[in-house]
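Here are the chains, one letter per residue:
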Amino acid sequence: MGAFLYISSKSKHMTNQYEAEVIIGLEDIAITELKTLDILDPETINVIRPGFIRFIYDGSTSNLHKLKSIVAIYAVYAFDIPRPKAILGHQNFTQLMQHITHQLRQWQHPPASFGIGAAGADSSVFQRIKHELSQTLQLPLADDGKGELFIRFMPAHKQSGWEVLIRITQQPLATRHWRIHNVPGALNATVAFAMTQLANLTPHAHTLNVCSGTATILIEQASLPLQTVAFALDNAPSMLS
C-alpha cells in the first residue's frame, strides 16, 4: 500500500496537480524531499490520508523523476462526471486520450502494456473502459494489472466528479536502474533511502551493514551527496555474487 502527492499545468492537456505514492509511515520524509523542489509551494502539500500526499507544482517533471522517497507520481486530471461510465462518452474519452498522449510524448520509449487501478476494476464498466483503451492505444493489458502505462480512476477529492491519475513514468520511481536481480524479500529502495535520512549521516562517516543481502541500503547511501565510506558484510554466496 502506498501514498500519493499532487502537482499543476499550463496548457490544455498539462496539469499542475500530481499525486505521489509513498510507503505509509514515510510521509514526513517524502514531504521534506518535496520541499527541496524549487517551484513547489509548501503550503499546497496536503496528506489526504496515510500514504497519499497532494501538492501543486509548476516546474519540469524531470525533477520529479529524481525523487527517491516516493514510490510513484501521477498526473491528476479532473472530469466533471457523475460516474466512471461517462468516461466512455465521446467528449470525455477524447479528452482522456489527449491527456494520455501528452504524458506518453514525454517518454523515451512507447509503453508495451497498460493497466488500470480502480475500486471495482473488474466491473462491466471498467471492462469496457479497458477494452476501449486497449483498442485505441493498441496496447495489451498487462499480466500484473499495471503495466508500463498505469492509469487510476477514483472519486474526486473534496468535490464532485472523478479524477484520472496517469503515472508519469514507465516504471515506478521505486524501481531503481541499478537493481539487476529481483530477490524475494529485498528491501524497497524508498524505505532504504528513508533509512539513510533517519541515520543523519555526516560527511566522511563510516558505516557497516551486517547481513547486507542485496545491499540496497548502502547503494542508496552511496547516491547521497556525502563522501561516506560503506562496508557490506554477508556470508551468502548468492548475495555476494
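Residues numbered from 1 in each chain as written. Predicted model: local features only at pLDDT ≥ 70, side-chain atom pairs only at ≥ 80, totals over all residues. Heavy atoms only, no water.

### Some words on the overall build of the protein chain
Assigned secondary structure in the protein chain consists of seven helices and nine strands. Relative to its length of 241 residues, the protein chain is compact, with a C-alpha radius of gyration of 20 Å against a globular reference of 18 Å. Here the C-alpha coordinates of the protein chain stretch approximately 60 × 40 × 30 Å along the principal axes. Looking at the protein chain as a whole, 46% of its 241 residues are labelled buried. (Helix = DSSP H or I, 4+ residues; strand = E, 2+ residues; numbered from the N terminus. Rg over C-alpha atoms; globule rule 2.2 N^0.38 Å. Buried < 20%, exposed > 50% of the residue type's maximum accessible area, 1.4 Å probe, protein only.)

### What about the packing of aromatic side chains?
The full count for this structure, using the stated rule, is two aromatic pairs. With 6.2 Å between their ring centres and 65 degrees between their planes, Tyr74 and Phe150 make a pair best called edge-to-face. You can see Tyr74 sitting in strand S4 (residues 72–79) and its partner Phe150 sitting in strand S6 (residues 149–155), a full 76 residues away along the chain. The buried category is assigned to Phe150, whose relative accessible area is 6%. An angle of 65 degrees between the planes, with centres 5.5 Å apart, marks the rings of Phe126 and Phe153 as edge-to-face. Here Phe126 is found in helix H4 (residues 124–137), whereas its partner Phe153 is found in strand S6, with 27 residues between them in sequence. Just above the ring of Phe52 sits the side chain of Arg49; from NZ or CZ to the centre is 3.9 Å. The ring of Tyr74 carries the charged tip of Arg152 above its face, separated from the ring centre by 5.5 Å. (Phe/Tyr/Trp six-rings, centres within 6.5 Å; stacked < 30°, edge-to-face > 60°. Lys NZ or Arg CZ within 6 Å of the ring centre and 35° of its normal.)

### What about the pairing of strand S9 (residues 229–233)?
Inspection of the sheet shows strand S8 (residues 206–210) paired to S9 by five bridges, in the parallel sense. For Thr207, the partnering residue across the bridge sits in S9 and is Ala230. In the classification by handedness, the crossover that spans S8, the intervening helix H6 (residues 216–222) and the parallel S9 is right-handed. (Pairing = 2+ DSSP bridges. Right-handed = clockwise from strand over helix to strand, strands pointing away.)

### Observations concerning the pattern of salt bridges
According to the stated counting rule, one finds five salt bridges in the structure shown. Here Glu19 and Arg54 are joined by a salt bridge, their closest N and O atoms 3.5 Å apart. Here Arg54 lies in strand S3 (residues 52–56) and Glu19 lies in strand S1 (residues 17–21), a separation of 35 residues in the sequence. With respect to class, Glu19 is no different from Arg54; both count as buried. (Salt bridge = Lys/Arg side-chain N within 4 Å of Asp/Glu carboxyl O.)

### Observations regarding the pairing of strand S7 (residues 162–167)
For S7, a buried count of six out of six residues is recorded, marking the element as mostly surrounded by other parts of the structure. Side chains Trp162, Val164 and Ile166 of S7 all project onto a buried face; the interleaved residues Glu163, Leu165 and Arg167 project onto the opposite face, where all are buried too. Relative to S7, S4 runs antiparallel, the two sharing six bridges. Its bridge partner lying in S7, Tyr74 is registered against Arg167. Pairing between S6 and S7: five bridges, direction antiparallel. Opposite Ile151, over in S7, you have Ile166 as the bridge partner. The hairpin turn running from S6 into S7, its antiparallel successor, is six residues long, and Lys158 in that turn takes a positive phi close to 75 degrees.

### Topic: the sheet that holds strand S5 (residues 114–117)
In spatial order, the strands read S2-S3-S1-S4-S7-S6-S5; together these seven strands make up an open sheet with mixed pairing. One side of each edge strand has no neighbouring strand; the edge strands of this open sheet are strand S2 (46–49) and S5. In this sheet, adjacent strand axes meet at a mean angle of 30 degrees when their direction is disregarded. Bridge count between S1 and S4: four bridges; the pairing is antiparallel. Bridge pairing links Ala20 to Ile73 in S4. Of the strands in this sheet, S4, S6 and S7 are in contact with helix H3 (residues 90–104), which crosses S4 at around 155 degrees. (Axes fitted to C-alpha atoms, helices over the stretch in contact; angles between N-to-C directions. Contact = heavy atoms within 4.5 Å.)

### Description of H4
Here H4 is 14 residues long and its end C-alpha atoms lie 20 Å apart, about the 20 Å a rise of 1.5 Å per residue gives. For H4, the elements touching its buried residues are H3, S5 and S6. Gln138, located one to two residues past H4, shows a positive phi value of around 55 degrees. (Expected span 1.5 Å × (residues − 1).)

### Brief notes about the packing of H3 against H4
Orientation of H3 relative to H4, taken along the N-to-C sense of each, is 55 degrees, at an axis distance of 12 Å. The orientation of H3 with respect to H4, classified from their angle, is oblique. Once H3 is placed against H4, the crossing between them reads as right-handed. Of the residues in H4, those in contact with Phe93, Leu96, Met97 and Ile100 of H3 are Glu132, Leu133, Thr136 and Leu137. (Parallel < 35°, antiparallel > 145°, perpendicular 65-115°, else oblique. Left-handed = near helix turned anticlockwise from the far one by under 90°.)

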